[in-house]
Every structure is written in structure tokens, then in C-alpha cells.
Amino acid sequence: MLMLMDQNQLPSAPPPYQPVTPNHNPYEFITNPPTAPKKSLLPGGNSKMQRILILVVGLVILLLLIVGVMSLLNKGGANLKADYLSLAQQQTELVRISEIGVTKAKQSEAKNLAITTKLTIASQQVTTLGLAKKAGTDTATKSLVLGKNSQTDVLLTTAEQSNQFDETFTKTVLASLKTYQQTLKKIRDAADDKSTKTTYGNYYSAVGTLLGPEPTQPQ
């Protein structure tokens, strides 16, 4: 009589046969571990939309930097806007007064001062108007004539009637030239570019020639 065996005592079935593939290394997972995916160097991952947003932000920042640099480059001209207007108005007035001297001066000294002043200041005004326009200054004639001093006309008319025109004209022009020269110095010192500094430095010297040497003070 055959005895029935307990199922727990039955021998386990052998593992299924796995054929070995040629050139396959069963320990490859140890010698060549799988590489982790590369992380994106850009914040936000590799999303196409995120890359576009980052690119747009970068372009905006670059644009702001360019605008800032251009603003700094133009800052000097903008700061001189009011000074250019003042200078152009003084030039217009000096030319106007000089024309009166050319017409009414009697002595050669006063007449030569009138002619030289007119030619010198008129030539300087050409450059000033160009730089003033570049700085955004209003260079219309109606703005330039606002520097006219009506008291000067009254003074010269009175001097002419009392036969003292040449003396009064000379004093008036020299005083105006001194004020004008100070404005030239202010623009020269405030200018950012070398060309403008040189130009107004030369103008300053030219006006100094018109003014002549300072009188010696009594001891």
C-alpha cells in the first residue's frame, strides 16, 4: 500500500532554464551602472515654454542695460540744456549790441571792438546752436531774443545824446563779454566729451582776447 506524501515534503521544482546570450555580461549592472539623466542648467527645467520665457526676460534685461548706458552717455548734453539756451541768448544779445556799435561808434577803438565782437560771437553761435539742438534746447528765434536787455538800448541812446556813446558802448560790451565768458567756462567744465571741452575752452580764450589784459590794481 502506497503512503501518500505530505505536499510540504515534495521537492521544489527546478528554476526555468534561461539561455545565456552570447557576449552578454550578467554583471554589467555592476560594472556599468545606468547614468542619471542630466539636469538642465536653466532654472525651470527643459520645458520649451520655460526656455522661451527665460530668453524673453534676458532680452528685456539687455535692452534696459543698453537704454541705461545711452542715458548716461547723453546725460551731459541734457544737463547743459538750460546753459546752452542761456549762452545762445547771450550770443544773440552781444551780436545785436555789436551791430549798434558798428553803426554808431565814432572812434576806431570802439568800432573795431564792435566789429571783432560781432564776428567772433556770431561764429561761436553756429556751434552753440548745433549742440543746443542736439541737447533738446529750444533754439527758435523767439526764444533767443528773450535775452534782450531793453535797458541797454536806453543807456546807449542816452550816451549818444550826450556824446559819450563810444565810452558807454565799450563798457557795456566788455561787461557783457565777461558774463558770457563765465557761461562758456561753465559749459566747458560740465561737458562730458573732450571735443566740447576743447571747443568751449578755445571760445573762452578768444573772448579773453577781446577783453584784453586785466587792468593793474593800484597799490
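The structure displayed is predicted, hence computed values, not measured ones.

Draft legend 1. Geometry of the side chain of Asp 166. Within the secondary structure, Asp 166 is located in helix H7 (residues 165–190). Buried charge without a salt bridge: Asp 166, with Lys 106 as the nearest opposite-charge side chain at an N-O distance of 7.3 Å. With residues near it in sequence (within four places) discarded, Asp 166 still touches Lys 104, Ala 105, Lys 106, Gln 107 and Ala 110.

Draft legend 2. Geometry of the packing of helix H3 (residues 81–104) against helix H6 (residues 150–161). Across the interface, H3 lies against H6 with an axial gap of 12 Å and an inter-helix angle of 15°. In terms of their interaxial angle, H3 and H6 are classed as roughly parallel. In the packing of H3 onto H6, the handedness of the crossing is right-handed. Across the interface between the two elements, Glu 93, Arg 96, Ile 97, Ile 100 and Lys 104 from H3 touch Thr 152, Asp 153, Leu 156 and Glu 160 from H6. Per-class residue counts for the contact of H3 with H6 are three nonpolar, one polar and five charged.

Draft legend 3. Spatial organisation of the packing of helix H4 (residues 108–134) against H7. At a minimum axis distance of 10 Å, the contact between H4 and H7 shows a crossing angle of 25°. Taken together, the axis directions place H4 and H7 in an arrangement best described as roughly parallel. Crossing of H4 over H7 shows left-handed handedness. Residues Ala 110, Leu 113, Ala 114, Thr 117, Ile 121 and Gln 124 of H4 lie in contact with H7, whose contacting residues are Asp 166, Phe 169, Thr 170, Val 173, Leu 174, Leu 177, Tyr 180 and Leu 184.

Draft legend 4. Up close: the nonpolar core. Grouped together as the largest cluster of nonpolar side chains are 28 residues, with contacts concentrated most on Tyr 84, Phe 169, Leu 177, Tyr 180, Leu 184 and Tyr 200. The set of elements that each furnish at least two residues to this core consists of H3, H4, H7 and helix H8 (194–211). With seven residues, H7 is the single largest residue contributor to this core. Once residues within four sequence positions are removed from consideration, Leu 184 is found in contact with Leu 87, Gln 124, Tyr 200, Tyr 203, Tyr 204 and Val 207.

Draft legend 5. Just the confidence of the model for the chain, in detail. Overall, the predicted model of the chain reaches an average pLDDT of 79, with 65% of residues at or above 70. This stretch, residues 215–219, has a pLDDT under 50; its non-local contacts, to residues over four places away or in other chains, come to zero contacts.

Procedures and definitions
Note on numbering: residues in each chain are counted from 1, in written sequence order. Given that the model is predicted, a residue must reach a pLDDT of at least 70 before its local features are reported, and side-chain atom pairs must reach 80 or more before they are shown or counted; all residues, however, enter totals for whole chains, interfaces and linings. Excluding hydrogens and water, the side-chain values take into account all heavy atoms of the structure. Every helix listed is a DSSP run of H or I at least four residues long, and every strand listed is a run of E at least two residues long, numbered separately from the N terminus. Only protein chains enter the calculation, and the probe is 1.4 Å; a residue is then buried if its accessible area is under 20% of its type maximum, exposed if over 50%, and partly exposed in between. Charged residues are defined here as Lys and Arg on the positive side and Asp and Glu on the negative side; His and the ends of the chain fall outside this count. A side-chain nitrogen of Lys or Arg and a carboxyl oxygen of Asp or Glu constitute a salt bridge if their distance falls within 4 Å. Any two residues having at least one pair of non-hydrogen atoms within 4.5 Å are treated as being in contact. All axes here are fitted lines through C-alpha atoms, helices being fitted over the stretch that makes contact, and every angle between N-to-C directions spans 0 to 180 degrees. Just so you know how the angles are binned, under 35 degrees is roughly parallel, over 145 roughly antiparallel, 65 to 115 roughly perpendicular, and the rest oblique. Two helices that cross are described as forming a left-handed crossing if the nearer one is turned anticlockwise from the farther one by less than a right angle, and a right-handed crossing if clockwise. The residue classification treats Ala, Val, Leu, Ile, Met, Phe, Trp, Tyr, Cys and Pro as nonpolar and Asp, Glu, Lys and Arg as charged. All others, Gly included, are polar. Within this scheme, the nonpolar core is defined by two criteria: the residues are buried Ala, Val, Leu, Ile, Met, Phe, Trp, Tyr or Cys, and they are joined through side-chain atoms within 4.5 Å. pLDDT runs from 0 to 100 and stands for how confident the predictor is about each residue.

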